[in-house]
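# Structure at a glance
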Amino acid sequence: MRLWGMSAGRCELCNKLLYLDSNFGDSANFAENAHIHAVGAAGPRHEDEMDENEINRIDNLMLLCAEHHHLIDTKPENYPADYLVRKKREHEARIRSLTEIRDDASCKMVTYFSNIDNTTVFSADDMLRRAVVHEKLYPKQDVPISLNEGSPTKYVPSKEIIVTQADELANQVRINFQGLKREEAIAVFALAPQPLLIKLGTLICDQLNVHVFQCHREGEKWTWPEDSSSVDFLLAKTKGGDGSTLALVIDLSAQIIDDRVTSVLGDNCTIYHLTIENPNRLFVKNVAIQNAFVQSFRMAMETLKNDNPDVRVIHVFPAMPQSLAIRAGMDYMPKADLPMIIYEQANSDLGFIETIMIGGKTDV
């Protein structure tokens, strides 16, 4: 009974559930009590120096399905004792870790994937759950809430289409977040054009208990790696203007030169950059980096407003990791910050196009 409890009724090699038939759904005991070191002298991995009590102690027992019990005993050369001991410890440690997550650490999983090819690569439910559990949170539902469900508008790099998609997104948030308690945790997984990610951030805001996950190119797509690195964010004014037009370039994942901005806003615009020393897509490796970005973003919004008192709107040109775009929207303060017009890189030929406005009377 103790072994069953420690293994949660699952095979300690393949994690198969051992009290429910997978084909017919019938309940029965499909588990087998396997010895790492065999009882008999002729058995697999037997050790003569072990007495009967040691052989039958729980440390020498594994809960296995019939298939893997047969496998380890018929091919013991492929499954030595140290390997089985390691697999037993890993499985039982994982079960204990999962069951120690408190009920008040449960969270809702929310996804938003717009204009993303091969979405299934990024949205597999078990992959999202692993990312949530890694953060000591318990996923409340098997199937995440999808904010791009019921969104028929296909992405096209045009202001009209992105405005329509922003409206559809706002409607989905209203539908799915009704009755949400402020203390409830929300795990957000999103890949979309930058204006829509920033818009998503403003819709969920920083008043809710939101955990924004970063999509990684290496390892598990959404699970935070064991990393303690830090990044220095830099705010610099790179071009003065006549004070009528103000641009904030957030070039964190790729460099944006000033000529690409002046080709849209004209030569008289004032340009600031919020950037890092070597812009790249891979640097967001822990939540502390997200938080450091938020502090720098808040400082940038205050600096731009204070240093440019006659300006009434900020033109934002973003090239940033997806989780930081969401966090920027979450920490935007509509009552204190200047309205933002968000630009989207349409393609190499068209350059940046104006899309949605955040804040102000025409917020969409």
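Everything here concerns the structure above.
This one's a predicted model, so the numbers in the text were calculated from it and none came from an experiment.

### Description of the overall build of the protein chain
Counting secondary structure elements, the protein chain contains eleven helices and 13 strands. For the protein chain, the C-alpha radius of gyration of 27 Å lies well beyond 21 Å, the compact-globule estimate for 364 residues. C-alpha extents for the protein chain along the principal axes are approximately 90 × 40 × 40 Å. Within the structure as shown, the protein chain displays about 18,900 Å² of accessible surface, and the carbon and sulfur contribution to it stands at 48%. Within the protein chain, one finds 37 positive and 52 negative side-chain charges whose respective centroids are separated by 4 Å.

### Examining the nonpolar core
For soluble globular proteins, nonpolar side chains are generally found buried alongside one another. With 74 residues, the main nonpolar core has Phe 189, Leu 200, Trp 222 and Phe 293 as its most contacted residues. Counting residues in each nonpolar core, the second largest holds 17 residues, with Leu 61, Met 62, Leu 63 and Tyr 79 among its members.

### Looking at the packing of aromatic side chains
All told, the structure shown has ten aromatic pairs when counted by the stated rule. Centroid distance Phe 189 to Trp 222: 5.3 Å. Interplanar angle 90°. Geometry classified as edge-to-face. You can see Phe 189 sitting in strand S6 (residues 185–191) and its partner Trp 222 sitting in the loop between strand S7 (209–212) and strand S8 (234–239), a full 33 residues away along the chain. Like Phe 189, the residue Trp 222 is buried in the burial classification. By the ring-pair criterion, three or more aromatic residues cluster together here, those being Phe 113, Phe 189, Phe 213 and Trp 222.

### A closer look at the packing of helix H8 (residues 194–204) against helix H11 (residues 322–330)
What describes two packed helices is the angle between their axes and the distance between those same axes. Following both chains from N to C, one finds H8 and H11 inclined at 45°, their axes separated by 6 Å at the closest point. Judged by the angle between their axes, H8 and H11 are oblique. Every pair of crossing elements has a handedness; the one defined by H8 and H11 is right-handed. Residues Leu 197, Ile 198, Leu 200, Gly 201, Thr 202 and Ile 204 of H8 form the contact with H11, whose participating residues are Gln 322, Ala 325, Ile 326, Gly 329 and Met 330. Looking at side-chain class alone, the contact of H8 with H11 contains seven nonpolar, four polar and no charged residues.

### Looking at unusual backbone geometry
For Asn 15, which is not glycine, the phi dihedral falls at a positive 70°. Position of Asn 15 relative to the elements: it lies in the loop between helix H1 (2–7) and strand S1 (31–35). Unusually for a residue other than glycine, Lys 136 sits at a positive phi of about 65°. Relative to the helices and strands, Lys 136 resides in the loop between helix H6 (125–134) and strand S4 (138–139).

### Thoughts on the side chain of Ser 323
You can see Ser 323 is positioned in helix H11. Ignoring any residue separated from it by four or fewer positions in sequence, one finds Ser 323 in contact with Val 212, Phe 213, Gln 214, Val 284 and Gln 290.

### Observations concerning the sheet that holds strand S11 (residues 314–319)
Here we have six strands laid out as an open sheet, ordered S8-S10-S9-S11-S12-S13, and mixed in their pairing. Whereas interior strands pair on both sides, the edge strands pair on one side only; in this sheet they are S8 and strand S13 (351–358). The mean inter-strand angle of the sheet, taken between neighbouring strand axes irrespective of direction, is 25°. By the bridge criterion, five bridges tie S8 to strand S10 (residues 270–275) in an arrangement that is antiparallel. Directly across from Lys 239, in S10, lies its bridge partner Ile 271. In the packing of helix H7 (residues 159–176) onto the sheet, contacts are made with strand S12 (340–347) and S13, and the angle to S13 comes to roughly 35°.

### Focus on H6
Met 127, Leu 128, Ala 131 and Val 132 are the residues of H6 that are buried. Relative to the axis of H6, the buried residues are bounded by an arc of 140° and lie together on one face. Directly after H6, the chain includes Lys 136, whose backbone phi takes a positive value near 65°.

Cut-off values and rules
Along each chain, residue indices are assigned from 1 in the same order as the chain's sequence is written. Under the rules for a predicted model, residues below a pLDDT of 70 receive no local features and side-chain atom pairs below 80 are neither given nor counted, while totals for whole chains, interfaces and linings still include all residues. Side-chain figures throughout are based on the complete set of non-hydrogen atoms in the structure, without hydrogens or water. Secondary structure counts use DSSP, requiring at least four H or I residues in a row for a helix and at least two E residues in a row for a strand, with both numbered from the N terminus. With C-alpha atoms as the basis for the radius of gyration, the globule rule is written as 2.2 Å multiplied by the number of residues raised to the power 0.38. Areas reported as accessible are Shrake-Rupley estimates using a 1.4 Å probe. Residue values count occlusion only from the protein chains shown. In this tally, Lys and Arg are treated as positive and Asp and Glu as negative; His is ignored, and so are the chain termini. Every charge is mapped to an atom, namely NZ of Lys, CZ of Arg, CG of Asp or CD of Glu. Residues enter a nonpolar core if they are buried and are Ala, Val, Leu, Ile, Met, Phe, Trp, Tyr or Cys, with the set joined through side-chain atoms within 4.5 Å. Accessible area is worked out with a 1.4 Å probe on protein chains only. A residue is then buried under 20% of its type maximum, exposed over 50%, and partly exposed in between. Two rings from Phe, Tyr or Trp (for Trp, the six-membered ring) form a pair when their centres are within 6.5 Å of each other. A pair whose planes differ by under 30 degrees is stacked, one over 60 is edge-to-face, and the rest are tilted. In this analysis an axis means a line fitted to C-alpha atoms, helices contributing only their contacting stretch, and an angle means the value between N-to-C directions, from 0 to 180 degrees. Each angle gets one of four labels, with under 35 degrees taken as roughly parallel, over 145 as roughly antiparallel, 65 to 115 as roughly perpendicular, and the rest as oblique. When the near helix sits turned anticlockwise from the far one by under a right angle, the crossing is termed left-handed; a clockwise turn instead gives a right-handed crossing. Contacts are assigned to residue pairs that have any heavy atoms within 4.5 Å of one another. Residues are grouped as follows: Ala, Val, Leu, Ile, Met, Phe, Trp, Tyr, Cys and Pro are nonpolar; Asp, Glu, Lys and Arg are charged; all remaining types, including Gly, are polar. The pairing criterion for strands is at least two bridges between them, as found by DSSP. By arc we mean the arc of the directions from the helix axis to the C-beta atoms, nothing more.

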